[in-house]
Amino acid sequence: MALSRLAFSVPLFVRVLMIMALLSVSLAALISFTSNQVARHVTEEGVRDLATEVTELVAQNIAGATRFKKVEEINTQLDRLTELARQNFVAGSVYDLEGRILTSVQGTGAADMELLASEALAALRTGAPVVAEDGYLVAFPVKFGPEEQIVGSFAAYWTPVPLLAMLAEERGKQFLYAGLALVGLLFAAAIFLLLTFKKPIKCVIDRIELLAGGDLDAPVPCVRNGSEIGAAARAVDTLRTTLQKSAALRAEADLVSAGFMASSAAMIMTDKRLRITHFNPAYAELAAEHLENIRTHLPGFDPENILGSSADVFRHNEGVADPTGDWATYPHESILQMGSAVMS
């Protein structure tokens, strides 16, 4: 009876606020749990994919050095891997054809080197990639030449733990700040929250599903929301930024491994708007060698200062460039003729 009288004595507005507070906490907990599970899954899968792709790329890049046992060149590649991968890369080892270790490198954390050696030798013995059950220990045979002769193996151990810890720490701070803000603004925002609660939740959940599907570019909605939903959105946004950095590392590794920079042919690379984004050392040498000839067609041409410029600077000068194909068709490759200088 006392509880009944107390319930009727509490103003309706306060009871609405109490229900809203309870619902807010419940919904925020649900979103937090969902985003945490999705974030963990996406992070772990991202690191597994990164482990497989980058380990294979490194195995390809060290083929020649492994064949001729040039340890210094191998160490240069492994040091670059450690620098690019940073927190995700734990350790790696390279073995020759006889199963003897050529070199190894230690990244973040500790690794079971015996298990690493076992996986590397298994890849060497079978001639096929070997992936541990958790997906973080990956070994590839090192193949050399057009006949893909097996000359050794490379094994690497990866981990998502630093990323997950960083995300958890960030979420903890954001939930604390959002919780304090919710307590202070609960009364003033009661009606507003009642009318607008559903839409932010749906936006965040939709964005989480897009993130799980691999969309890293679309912005995360509600990151400026001061409620628990905003805290969850900021946590998802932190994850999105982290995965974008991981994707950038993979893209850089792909670019390096493609042989663009090491090619003896002079090449420039553009984006879809024909803005120059990269050029290789062979281009720099060719442009410097024929600079006087080029400047007869392009006065003031600076071969070292073309990044961000349009490739049309070559195409629109009659007799200077001879593009083949349609510039609006992708992928596209073109030969640029500048006097006796030729660039692709």
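For every chain, the first residue of the written sequence is number 1, and numbering continues from 1 along that sequence. Given that the model is predicted, a residue must reach a pLDDT of at least 70 before its local features are reported, and side-chain atom pairs must reach 80 or more before they are shown or counted; all residues, however, enter totals for whole chains, interfaces and linings. Side-chain numbers come from the whole structure's heavy atoms, not from hydrogens or water.

**Q** Explain the nonpolar core here, please?
**A** Nonpolar side chains tend to gather and get buried jointly when the protein is soluble and globular. Remark: nonpolar core denotes a set of buried residues (Ala, Val, Leu, Ile, Met, Phe, Trp, Tyr, Cys) joined through side-chain atoms within 4.5 Å. A simple rule labels every residue: compare its accessible area, found with a 1.4 Å probe on the protein chains alone, to the largest value its type can have, and call it buried under 20%, exposed over 50%, or partly exposed in between. Counting 26 residues, the largest nonpolar core has Leu-81, Phe-154 and Trp-158 as its most contacted members. Each helix is a run of H or I in the DSSP string that is no shorter than four residues. Each strand is a run of E no shorter than two, and both are numbered from the N terminus. Those elements that place two or more of their residues in this core are helix H2 (12-61), helix H3 (63-67), helix H4 (71-85), strand E1 (89-96), strand E2 (101-106), strand E4 (137-144) and strand E5 (149-158). Residue contributions to this core peak at six residues, all from H2. Formed by 16 residues, the second largest nonpolar core is a distinct cluster that contains Leu-274, Leu-286, Phe-301 and Ala-311.

**Q** Mind showing me how you'd approach the packing of aromatic side chains here?
**A** Pairs of aromatic rings are described using the distance from one ring centre to the other and the angle between the two planes. Only Phe, Tyr and Trp rings take part, Trp by its six-membered ring, and two of them pair if their centres are within 6.5 Å. Stacked means planes under 30 degrees apart, edge-to-face means over 60, and tilted covers everything else. Evaluation of the coordinates by the stated rule reveals three aromatic pairs. Plain terms: the ring middles of Phe-89 and Trp-158 are 5.3 Å apart, the flat faces sit at 70° to each other, and that makes the pair edge-to-face. Of this pair, Phe-89 sits in strand E1 while Trp-158 is found in strand E5, placing the two residues 69 residues apart along the sequence. Note on Phe-89: relative accessible area 0%, which makes it buried. Looking at Trp-158, the relative accessible area reads 1%, which means it is buried. For a lysine, the NZ atom is tested; for an arginine, the CZ atom; a charge sits over a ring if that atom is within 6 Å of the ring centre and within 35 degrees of the ring normal. Taking the ring centre of Phe-68 as reference, the NZ or CZ of Arg-67 above it sits at 5.0 Å.

**Q** In this structure, what is going on with the side chain of Arg-240? I would like to understand it.
**A** If you trace the backbone, Arg-240 turns up in helix H9 (residues 228-257). When near neighbours in sequence (up to four residues on either side) are disregarded, Arg-240 contacts Arg-207, Leu-211, Leu-216, Asp-217, Ala-218, Pro-219 and Val-220. Residues are treated as being in contact if the distance between any of their heavy atoms lies within 4.5 Å.

**Q** So what exactly am I meant to see when it comes to H4 here?
**A** Think of an α-helix as turning once every 3.6 residues; residues three or four places apart then point the same way. Counted at 1.5 Å a residue, the expected span for H4 with its 15 residues is 21 Å, and the 21 Å between its end C-alpha atoms agrees. All buried positions along H4 are accounted for by Ile-74, Leu-78, Leu-81, Leu-84 and Ala-85. Take H4 and look down its axis: the buried residues cluster within an arc of 125°, on one side only. In H4, the exposed residues that point more than 90 degrees away from the buried face are Glu-72, Thr-76 and Glu-83. Phi turns positive one or two residues past the end of H4, at Arg-86, with a value near 50°. Helices are assigned an expected span. That span is 1.5 Å times one less than the residue count. Arc definition: it is the arc formed by the directions from the helix axis to the C-beta atoms.

**Q** Would you take a moment to explain the environment of Val-71 for this structure?
**A** By the element assignment, Val-71 lies in helix H4. Overall, the relative accessible area of 29% leaves Val-71 in the partly exposed class. Distance from Val-71 to Leu-102, taken between C-alpha atoms, is 6.7 Å for residues 31 residues apart in sequence. If we skip the residues at most four places from it in the chain, Val-71 touches Leu-102 and Thr-103.

**Q** Teacher, can you tell me more about a nonpolar patch on the surface here?
**A** By definition, no residue in a patch forms a salt bridge, and every one has over 30% relative accessible area; like charges are joined within 9 Å, nonpolar side chains (Val, Leu, Ile, Met, Phe, Trp, Tyr) within 5 Å. Using the Shrake-Rupley algorithm and a 1.4 Å probe, accessible areas are obtained, with residue cover drawn only from the displayed protein chains. A carboxyl oxygen of Asp or Glu within 4 Å of a side-chain nitrogen of Lys or Arg is what we treat as a salt bridge. Among the surface-exposed residues, Leu-176, Tyr-177 and Leu-180 lie close enough to one another that they form a single nonpolar patch of about 360 Å² accessible area. As for its position among the elements, Leu-180 is in helix H6 (residues 161-185).

**Q** When you look at the pattern of salt bridges in this model, what are you seeing that I'm missing?
**A** Between side chains of opposite charge, a pair can form as their charged atoms come close. Using the criterion set out here, one finds eight salt bridges in the structure. Salt-bridge contacts for Lys-69 lead to Asp-96; the nearest nitrogen and oxygen are separated by 3.7 Å. Of the two residues, Lys-69 sits in the loop between H3 and H4 while Asp-96 sits in strand E1, which places them 27 residues apart along the sequence. By relative accessible area, which is 40% here, Lys-69 ends up partly exposed. Judged by relative accessible area, Asp-96 falls into the buried class, the value being 2%. Among the charged side chains, a network of salt bridges with common partners joins Lys-69, Asp-96, Glu-98 and Arg-100.

**Q** Which parts of the structure should I look at to understand the confidence of the model for the protein?
**A** The predicted coordinates of low-pLDDT regions are not to be read in fine detail. pLDDT expresses how confident the predictor is about each individual residue, on a scale running from 0 to 100. Across the protein, the average pLDDT comes to 76, with 75% of residues at or above 70. A low-confidence stretch, residues 1-8 stays under pLDDT 50, and its non-local contacts, those more than four residues away or across chains, total one contact. Predicted confidence for residues 316-325 stays below pLDDT 50, and this span has 22 contacts to residues more than four positions away or in other chains.

**Q** For this particular structure, what's the right way to read the side chain of Ser-153?
**A** Tracing the backbone through its elements, the reader meets Ser-153 in strand E5. Here Ser-153 falls in the buried class, since its relative accessible area comes to 0%. One polar contact links the side chain of Ser-153 to the main-chain carbonyl oxygen of Ala-120, over a distance of 2.9 Å. Residues in contact with Ser-153, not counting those within four places in the same chain, are Ser-93, Val-94, Tyr-95, Ala-120, Leu-121, Ala-123, Leu-124, Phe-140, Pro-141 and Val-142. N or O atoms closer than or at 3.5 Å make up a polar contact, with two conditions inside protein: a donor-capable atom paired with an acceptor-capable one, and, for residues adjacent in sequence, both atoms drawn from side chains.

**Q** Help me understand the sheet that holds E5, please; the structure alone is not making it clear to me.
**A** Where strands meet in a sheet, backbone hydrogen bonds hold them as pairs that are either parallel or antiparallel. Only strands joined by at least two bridges in the DSSP assignment are considered to pair. Read from one edge to the other, the open sheet built from five strands follows the order E2-E1-E5-E4-E3, with strand pairing classed as antiparallel. Both edges of this open sheet fall to E2 and strand E3 (130-131), since each of them pairs with a single strand only. Pairing analysis gives eight bridges linking E4 to E5, with the strands arranged antiparallel. Directly across from Phe-140, in E5, lies its bridge partner Phe-154. Only the contacting stretch of a helix is used when fitting its axis, a line to C-alpha atoms as for every element, and angles between N-to-C directions run 0 to 180 degrees. Sitting on the sheet, H4 touches E1, E2 and E5, and the angle it makes with E2 is about 20°. Along the sheet face, helix H5 (residues 113-126) touches E1, E2, E3, E4 and E5 and points at about 150° away from the line of E5.

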